[in-house]
Amino acid sequence: MLSGTTIGDVWDARLTIEPPAVRRLAETATKSTIKELDAELESIRSVIDDPREFGKAGVRFHVRLVELSGNHTLAAVIGMLSVIIERELAKSLVEIGVDSDEVRRANRRALRGYDKVVELIRERDGEAAEAAWREHMNSARRYVAKTQKQDRVIDLLY
């Protein structure tokens, strides 16, 4: 059942789960939820100059969005997928170069995407939040694809 899974499969699964979860989150967000998201953003901003920690914080942000959407099953699935994604992002970081301008630009672009989706969640605009998150994820996928062949079979039991 697990054999033959590719990194492209993992991205497809995330794209199937995360944007609709973000929409649901935007439609049901409370003041408390917004405070949590703001705290997450501050945590991410605090590591913007540390590419390894920024990658980990970004993965945690993706997971947190799904958790806050309220669906425990989807949160568990994204939690499992995040382990794979974090490992694959670390590999990409090494290949691109931890101290490269490209990584710094990509991290700033990711942070802008995080800020945008939180603002849309704050505005309770589910449709726009879903579209923005899908756009962010597709952009991230294109970036990571520079070092990851989407049809490469990955070891899920790492």
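Residues numbered from 1 in each chain as written. Predicted model: local features only at pLDDT ≥ 70, side-chain atom pairs only at ≥ 80, totals over all residues. Heavy atoms only, no water.

- Per an unreviewed UniProt entry, the chain carries the name Transcriptional regulator and comes from Mycolicibacter sinensis.

1. Brief notes about the packing of aromatic side chains
Here comes step 1: Overall, the coordinates contain four aromatic pairs when judged by the stated rule.
Here comes step 2: For the pair Phe54 and Tyr114, a centre-to-centre distance of 6.4 Å together with 20 degrees between the ring planes defines the contact as stacked. Of this pair, Phe54 sits in helix 3 (residues 51–69) while Tyr114 sits in helix 5 (residues 101–122), placing them 60 residues apart in sequence.
Here comes step 3: A ring pair is formed by Phe61 and Trp133, whose centres lie 5.9 Å apart and whose planes are at 65 degrees; its orientation type is edge-to-face. Pair noted here: Phe61 is in helix 3 and Trp133 is in helix 6 (residues 126–144), with a separation of 72 residues, a long-range link.
Here comes step 4: Classification of Phe61 by relative accessible area gives buried; the value is 0%.
Here comes step 5: Taking the relative accessible area as the measure of exposure, Trp133 reaches 0% and is therefore buried.
Here comes step 6: What links up through ring pairs into an aromatic cluster is the set Phe54, Phe61, Tyr114 and Trp133. (Phe/Tyr/Trp six-rings, centres within 6.5 Å; stacked < 30°, edge-to-face > 60°. Helix = DSSP H or I, 4+ residues; strand = E, 2+ residues; numbered from the N terminus. Buried < 20%, exposed > 50% of the residue type's maximum accessible area, 1.4 Å probe, protein only.)

2. Notes on the environment of Ser46
Here comes step 1: Within the secondary structure, Ser46 is located in the loop between helix 2 (31–45) and helix 3.
Here comes step 2: Residue classification places Ser46 among the exposed residues on the basis of a relative accessible area of 59%.
Here comes step 3: Note: C-alpha distance between Ser46 and Ala57 (eleven residues apart in sequence) is 9.8 Å.

3. Focus on unusual backbone geometry
What is expected of a backbone is that most residues other than glycine have negative phi and most peptide bonds are trans.
Here comes step 1: The phi angle at Arg124 is positive, at roughly 65 degrees, despite the residue not being glycine.
Here comes step 2: Assignment of secondary structure puts Arg124 in the loop between helix 5 and helix 6.

4. Examining the packing of helix 2 against helix 5
Here comes step 1: Remark: helix 2 packs on helix 5, axes separated minimally by 11 Å, with the N-to-C direction vectors making an angle of 170 degrees. Regarding the angle of helix 2 to helix 5, the classification is roughly antiparallel. For the pair helix 2 and helix 5, contact is made by Ile34, Leu37, Asp38, Leu41, Ile44 and Arg45 and by Leu111, Tyr114, Asp115, Val118, Ile121 and Arg122, respectively. (Axes fitted to C-alpha atoms, helices over the stretch in contact; angles between N-to-C directions. Parallel < 35°, antiparallel > 145°, perpendicular 65-115°, else oblique. Contact = heavy atoms within 4.5 Å.)

5. Digging into a positive patch on the surface
Here comes step 1: Among the surface-exposed residues, Arg105, Arg108, Arg109, Arg112 and Arg142 lie close enough to one another that they form a single positively charged patch.
Here comes step 2: Take the positive patch: its biggest share by element is four residues, from helix 5.
Here comes step 3: In this structure Arg108 comes out as partly exposed when scored by relative accessible area, which is 41%. (Patch = residues over 30% accessible without salt bridge, like charges linked within 9 Å, V, L, I, M, F, W, Y side chains within 5 Å. Areas by Shrake-Rupley, 256 points an atom, 1.4 Å probe, with all protein chains shown as cover. Salt bridge = Lys/Arg side-chain N within 4 Å of Asp/Glu carboxyl O. Lys, Arg positive; Asp, Glu negative; His and termini not counted. Charge placed at Lys NZ, Arg CZ, Asp CG, Glu CD.)

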